[in-house]
Amino acid sequence: MSSATGLASLLELQEHDGTLDRLQHRRDTLPERDALARGEATARTLAVRMRALSEERAGLAREEQRLGDEAGSLRARAADVEAKMYSGSVSSPRELQAMQADVDQLRRHEQSLEGHELELMEALEPVERALAELDAQRVQLAAELNAVRSALERAEAGIDDEMSAEQKARDAIAGEIDPSLVAEYERRRARTQGVGVARLVGNTCQGCHLTIPSTEVERIRRAPEGSLAFCDNCGCILVP
Ligand SMILES: [Zn+2]
């Protein structure tokens, strides 16, 4: 293959590589990917809030249980004292009076604990409600995330198909070009914004769209067949 056809093929290669770059960029910046990241962030925030509320609920429930247990034991003690009072084993009126005072005291204490228990149950209600609301949000969000994940996978698969066809066409052309020329092109393409070769149209490099001095353009156009010219601005191989 002559150098001129080599350069023409190189331009074709560049076109395929440019398309591949654009497809890769489109794949990286799919709106579904953004939507998924945002949804996952919301899900994490939701999980944190639910964990905090669950802990609050557990704390209130523990306290309620503790009060309930204590009230129960006070009730049992009062019942014990009463049983003894009515058993007939105690006959001293003063002792009976003292026992009655004990029972009254135990009952008052029990009632105050039960009042507190009721307050706790009331405090639990809004926590339970908030948790139920957040859980409904969590379920809905999970369904939305699943849909976004599927949409992302479909979009990725579509681009992957395009990319593999493009890659095949690109590799077929690359296989026909002198490997050292391809290597030169790859090196330059890696250094620039993905442009390794471009046409020189008039005084303008089509890679960077900057003007090249006329004397330099003259020199490039007169250069013998097979010699390579490069753009001083972007560094790509120039095809006169
Ligand atoms: Zn250039």
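Quick note: structure is the one above.
Residues numbered from 1 in each chain as written. Predicted model: local features only at pLDDT ≥ 70, side-chain atom pairs only at ≥ 80, totals over all residues. Heavy atoms only, no water.

## A few points about the overall build of the protein
Phase 1: Secondary structure assignment for the protein yields 5 helices and 4 strands.
Phase 2: When the helices and strands of the protein are listed from N to C terminus, the series reads α-α-α-α-β-β-α-β-β.
Phase 3: What you see for the protein is a C-alpha radius of gyration of 41 Å, clearly larger than the 18 Å of a compact globule of 240 residues, by over 25%.
Phase 4: In terms of overall dimensions, the protein has C-alpha extents of about 135 × 35 × 25 Å along its principal axes.
Phase 5: Relative to its 240 residues, the protein shows a buried fraction of 31%. (Helix = DSSP H or I, 4+ residues; strand = E, 2+ residues; numbered from the N terminus. Rg over C-alpha atoms; globule rule 2.2 N^0.38 Å. Buried < 20%, exposed > 50% of the residue type's maximum accessible area, 1.4 Å probe, protein only.)

## Brief notes about the coordination of the zinc ion
Phase 1: At 2.2 to 2.4 Å from the zinc ion lie its protein donor atoms, namely Cys205 (SG), Cys208 (SG), Cys231 (SG) and Cys234 (SG).
Phase 2: Given 4 donor atoms and angles of 106 to 113 degrees at the metal, the environment of the zinc ion is assigned as tetrahedral.
Phase 3: Within one chain, the residues serving as donors to the zinc ion are arranged as C-x2-C-x22-C-x2-C. A residue pair is termed long-range when its members are at least 10 positions apart, and Cys208 in the loop between β2 (204-205) and α5 (214-222) and Cys231 in the loop between β3 (229-230) and β4 (237-239) qualify at 23 residues.
Phase 4: What makes Cys208 partly exposed here is its relative accessible area of 23%.
Phase 5: Residue classification places Cys231 among the buried positions, given a relative accessible area of 3%. (Donors = N, O, S within 2.8 Å, 3.2 Å for Na, K, Ca; no water. Tetrahedral: all angles 85-135°; square planar, octahedral: opposite > 155°, others 65-115°.)

## Looking at the packing of aromatic side chains
Phase 1: The full count for this structure, using the stated rule, is 0 aromatic pairs.
Phase 2: A cation over an aromatic ring shows up here: Arg188 above the ring of Phe230, its NZ or CZ 3.5 Å from the ring centre. (Phe/Tyr/Trp six-rings, centres within 6.5 Å; stacked < 30°, edge-to-face > 60°. Lys NZ or Arg CZ within 6 Å of the ring centre and 35° of its normal.)

## Thoughts on the sheet that holds β2
Phase 1: Read from one edge to the other, the open sheet built from 4 strands follows the order β2-β1-β4-β3, with strand pairing classed as mixed. Each having just a single partner strand, β2 and β3 make up the two edges of the open sheet.
Phase 2: The strands touched by helix α4 (residues 179-191) within the sheet are β1 (197-201), β3 and β4, with β4 carrying the most contacts at an inclination of about 115 degrees.
Phase 3: Across the face of the sheet, α5 comes into contact with β1, β3 and β4 while running at roughly 110 degrees to β1. (Pairing = 2+ DSSP bridges. Contact = heavy atoms within 4.5 Å. Axes fitted to C-alpha atoms, helices over the stretch in contact; angles between N-to-C directions.)

## What about the side chain of Glu184?
Phase 1: Structurally, Glu184 can be placed in helix α4.
Phase 2: Polar side-chain contacts of Glu184 include one of 3.1 Å to the side chain of Arg187.
Phase 3: Once residues within four sequence positions are removed from consideration, Glu184 is found in contact with Leu228, Phe230 and Ile237. (Polar contact = N/O pair within 3.5 Å; in protein donor to acceptor, adjacent residues only side chain to side chain.)

## Some points on unusual backbone geometry
Most of the time, phi is negative for any residue but glycine, and the peptide bond is trans.
Phase 1: Although it is not a glycine, His209 sits at a positive phi angle of roughly 60 degrees.
Phase 2: Residue position: His209 is located in the loop between β2 and α5.

## So, the pairing of β1
Phase 1: Pairing geometry for β1 and β4, over 3 bridges, is parallel. Within β4, the residue paired with Ala198 across the bridge is Leu238.
Phase 2: Where β1 meets β2, 2 bridges bridge the pair, whose relative direction is antiparallel. In the strand pairing of β2, Leu200 is matched with Cys205.
Phase 3: Between β1 and β2, which pair antiparallel one after the other, the connecting turn spans 2 residues, and Gly202 there sits at a positive phi close to 65 degrees.

## Here's the deal with the packing of helix α2 (residues 31-85) against helix α3 (residues 93-174)
Phase 1: In contact at an axis separation of 6 Å, α2 and α3 are set at 165 degrees when each is read in the N-to-C sense. Compared by their axis directions, α2 and α3 come out roughly antiparallel. The element α2 and its partner α3 pack so that their crossing is left-handed.
Phase 2: Residue composition of the contact of α2 with α3, by class: 33 nonpolar, 8 polar and 22 charged. (Parallel < 35°, antiparallel > 145°, perpendicular 65-115°, else oblique. Left-handed = near helix turned anticlockwise from the far one by under 90°. Nonpolar A, V, L, I, M, F, W, Y, C, P; charged D, E, K, R; others polar.)

## Things to note about the environment of Leu228
Phase 1: Structurally, the position occupied by Leu228 is in the loop between α5 and β3.
Phase 2: Linking Leu228 and Leu181, residues 47 residues apart in sequence, is a C-alpha distance of 9.4 Å.

## Considerations on α4
In an α-helix, one turn spans 3.6 residues; hence positions three or four apart end up facing the same way.
Phase 1: Helix length check: α4 (13 residues) gives 19 Å between terminal C-alpha atoms against 18 Å at 1.5 Å per residue, within 8%.
Phase 2: Among the residues of α4, those classed as buried are Leu181, Val182, Glu184, Tyr185, Arg188 and Arg189. Viewed end-on, α4 has its buried residues packed into an arc of 160 degrees, placing them on one side of the element. Across α4 from its buried face, at more than 90 degrees, point the exposed residues Pro179, Ala190 and Arg191. (Expected span 1.5 Å × (residues − 1). Arc of directions from axis to C-beta.)

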